[in-house]
Amino acid sequence: TQYPQYTEMYNGKKYIVAELRKAALYPQKSGALTIEPLVQDVIYQVKVKTKSPLADDPFFGNDPFFKNLMDDSFFGSEYQNVKKTLRSNPVTVNVKPLPSANRPLDFSGAVGQFSMNARVDRSEVTANDGITLKVSISGTGNLNLIEKPTINFPPDFEVYEPKIIDNFNNKGATSGSRTFEYLIIPRASGNFTIDPIQFAYFNLSKRDYTVLSSERFRVKVNKGNGSSAEATEK
């Protein structure tokens, strides 16, 4: 009962099928790649007739009448556990290489169909106050392999490593979203600009590369207590 089960017809017979494992696989290189067979030890039950207590008797065991009686289902049946090793067939997958033509410089291996949403929680702050920038990649594909985007922050911004928030719809991470959440602290006052954030991926439906781009973010940083410097337009 720990595995999903359903019935299936095979060679004219009905079988109960149990899914032992289901996973999304992402090849990391091109060529003919072979998935080795899955080996599984199972224990199943076989019905056997119950042996008569008279079967080993030299008199009754050799008598045809009693022999037929002992072979009859009169004594009922029992089950025996039998151990068997099952081995699946190997599977070979032919993986095509990603095209080198028109490959963007910031392409990091994302393959599928995606959209991007980037936003800041505030466009005007006081120096040394925090700003949160969230970059979300949503869609279908190898979401769990998507890396943080390259973002050009102003030099007066202190930026921490992003927090990664995954919202996958299944264990294989083939659909859902991955969000990168940045904490930014402006250390100087002035008007600053964060250049448009870009995300490049190989579009499976178009069989070509697609580059998504966000808006340009403008942040006004007011001079506050303890701000060490004042900057101009950046």
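None of these values were measured; they are calculated from a predicted model. (Residues numbered from 1 in each chain as written. Predicted model: local features only at pLDDT ≥ 70, side-chain atom pairs only at ≥ 80, totals over all residues. Heavy atoms only, no water.)

## Looking at the pattern of salt bridges
Close approach of charged atoms lets side chains of opposite charge pair.
Okay, step 1: The final tally for this structure, using the stated rule, is four salt bridges.
Okay, step 2: The partner of D166 in a salt bridge is R178, and the shortest N-O contact between them spans 2.7 Å. Of this pair, D166 sits in strand β11 (residues 163–168) while R178 sits in strand β12 (residues 175–186), placing them twelve residues apart in sequence.
Okay, step 3: On the accessibility criterion, R178 (10% relative accessible area) is buried. (Salt bridge = Lys/Arg side-chain N within 4 Å of Asp/Glu carboxyl O. Helix = DSSP H or I, 4+ residues; strand = E, 2+ residues; numbered from the N terminus. Buried < 20%, exposed > 50% of the residue type's maximum accessible area, 1.4 Å probe, protein only.)

## Comments concerning the environment of L25
Okay, step 1: Within the secondary structure layout, L25 lies in the loop between β2 (13–18) and β3 (31–35).
Okay, step 2: A relative accessible area of 58% places L25 in the exposed class.
Okay, step 3: The spacing of L25 and N142 is 117 residues in sequence and 9.0 Å in space, taken between C-alpha atoms.

## So, the layout of surface pockets
Okay, step 1: Space inside the largest pocket adds up to approximately 980 Å³.
Okay, step 2: Where the lining of the largest pocket is concerned, the elements lending two or more residues are β2, β4 (39–49) and β5 (77–87).
Okay, step 3: Counted by class, the lining of the largest pocket contains 14 nonpolar, six polar and three charged residues.
Okay, step 4: In this structure, the second largest pocket spans a volume of roughly 680 Å³. (1 Å grid on protein atoms, 1.4 Å probe; cavity = no way out; pocket = protein on both sides within 12 Å on 5 of 7 lines; lining within 4 Å. Points joined across faces, edges and corners; volume = space filled by probe spheres on them. Nonpolar A, V, L, I, M, F, W, Y, C, P; charged D, E, K, R; others polar.)

## Topic: the side chain of N203
Okay, step 1: Here N203 lies in strand β14 (residues 198–203).
Okay, step 2: Among the polar contacts listed, one links the side chain of N203 to the side chain of T210, at a separation of 3.3 Å.
Okay, step 3: For N203, the residues in contact, after removing those within four places along its chain, are G112, Q113, D208, Y209 and T210. (Polar contact = N/O pair within 3.5 Å; in protein donor to acceptor, adjacent residues only side chain to side chain. Contact = heavy atoms within 4.5 Å.)

## Thoughts on the nonpolar core
Okay, step 1: Counting residues in each nonpolar core, the largest one holds 26 residues, and the members touching the most others are F114, L133, V135, I146 and F199.
Okay, step 2: Sorting the residues of this core by element identifies β7 (111–120), β9 (131–141), β12, β13 (188–194), β14 and β16 (217–222) as the ones contributing at least two each.
Okay, step 3: At four residues, the largest contribution of residues to this core is made by β9.
Okay, step 4: Excluding its chain neighbours within four sequence positions, the residues that come into contact with I146 are A110, F114, I137, R178, F180 and F199.
Okay, step 5: Core analysis: the next-biggest nonpolar cluster, separate from the first, contains five residues, F107, V111, A200 and F202 among them. (Core = buried A, V, L, I, M, F, W, Y, C linked by side-chain atoms within 4.5 Å.)

## So, unusual backbone geometry
Okay, step 1: Despite not being glycine, N102 has its phi angle at roughly 65°, a positive value.
Okay, step 2: Backbone geometry at N128 places phi at a positive 75°, although glycine is not the residue there.
Okay, step 3: Counting through the fold element by element, N128 comes out in the loop between β8 (124–126) and β9.
Okay, step 4: For N128, a relative accessible area of 27% corresponds to the partly exposed category.

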